[in-house]
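Below are the chains, spelled out letter by letter.
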Amino acid sequence: MDKNNILKIIVVVLVFVLIMVLGYTIGNIIEGMPKKEYIEKDITFMGVITDIKSNEVIYVKGTNDNPKDFRKTYELKLNDKVSYSYNNEKIEFDILNVGDEVKVTFKGEYADIYPPLLDRVSMIELIKQNFNKEK
């Protein structure tokens, strides 16, 4: 082999090693950077209970006080983790009636069906009670 071929091989190997070292270094720098954590926020809207099917499903129509996206009727799928309150005191589900004004807090997106389904409801706060005792 002549000197030119050996020199070319050495240069190629050095460039390859340099690329590997730079890649490793940049990768470690990027991995060490603080990560943005995705934290789901609670979403809250005001509404009026339009129908109570059971202690697991109720329908709430958003009031005009809400942003435009929250003025429709929603189906709330409830479970035993939902808390109910009135004036910062815990209440039972049975106190809720059709026509009651409530504040609903949930996480995540809602299904794009009619009525939109909210299945991750965390709190229902009774704001104004309707004394019409229909259920």
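Note that the coordinates shown come from a computational prediction; the quantities given were computed from them, not determined experimentally.

Student: Can you help me understand the packing of aromatic side chains in this one?
Tutor: Under the defined criterion, the tally for this structure stands at 6 aromatic pairs. Ring geometry for phenylalanine 45 against phenylalanine 70: centres 5.6 Å apart, planes inclined by 20 degrees, an arrangement best described as stacked. Separated by 25 residues along the polypeptide, phenylalanine 45 in strand β1 (residues 42-52) and phenylalanine 70 in the loop between β2 (57-62) and β3 (73-77) bring together distant segments of the chain. Phenylalanine 70 sits in the buried class, given a relative accessible area of 13%. Judged by centre distance (5.7 Å) and plane angle (65 degrees), the rings of tyrosine 84 and phenylalanine 93 are edge-to-face. The residues tyrosine 84 and phenylalanine 93 share a single accessibility class, namely buried.

Student: Quick question: what am I supposed to make of the sheet that holds strand β4 (residues 83-86) here?
Tutor: Whether parallel or antiparallel, the strands of a sheet pair through hydrogen bonds between backbone atoms. Pairing within the open sheet is mixed, and its 8 strands lie in the order β5-β4-β8-β6-β1-β2-β3-β7. Where the open sheet ends on each side, the last strands, each with one partner, are β5 (89-90) and β7 (117-118). Pairing of β4 with strand β8 (residues 121-128) involves 4 bridges; the strand directions are parallel. Among the inter-strand pairings, tyrosine 84 is bridged to a residue of β8, identified as isoleucine 124.

Student: Which parts of the structure should I look at to understand the pattern of salt bridges?
Tutor: Side chains bearing opposite charge may pair, as long as their charged atoms lie close to each other. With the rule as written, the count across this model stands at 4 salt bridges. Lysine 107 serves as the salt-bridge partner of aspartate 42, at 3.2 Å between the closest nitrogen and oxygen. In this pair, aspartate 42 sits in strand β1 while lysine 107 sits in strand β6 (residues 101-107), placing the two residues 65 residues apart along the sequence. Judged by relative accessible area, aspartate 42 falls into the partly exposed class, the value being 46%. Between lysine 53 and aspartate 51 there is a salt bridge, and its shortest N-O distance comes to 3.3 Å.

Student: So what exactly am I meant to see when it comes to the nonpolar core here?
Tutor: Of all hydrophobic cores here, the largest spans 21 residues; its most connected members are Leu76, Leu78, Leu96, Val121 and Ile124. With near-sequence residues (within four places) excluded, leucine 76 lies in contact with Glu56, Val57, Ile58, Val60, Val104, Leu118, Val121 and Ile124.

Conventions adopted
- Residues numbered from 1 in each chain as written.
- Predicted model: local features only at pLDDT ≥ 70, side-chain atom pairs only at ≥ 80, totals over all residues.
- Heavy atoms only, no water.
- Phe/Tyr/Trp six-rings, centres within 6.5 Å; stacked < 30°, edge-to-face > 60°.
- Helix = DSSP H or I, 4+ residues; strand = E, 2+ residues; numbered from the N terminus.
- Buried < 20%, exposed > 50% of the residue type's maximum accessible area, 1.4 Å probe, protein only.
- Pairing = 2+ DSSP bridges.
- Salt bridge = Lys/Arg side-chain N within 4 Å of Asp/Glu carboxyl O.
- Core = buried A, V, L, I, M, F, W, Y, C linked by side-chain atoms within 4.5 Å.
- Contact = heavy atoms within 4.5 Å.

This is a description of form; function is not addressed.
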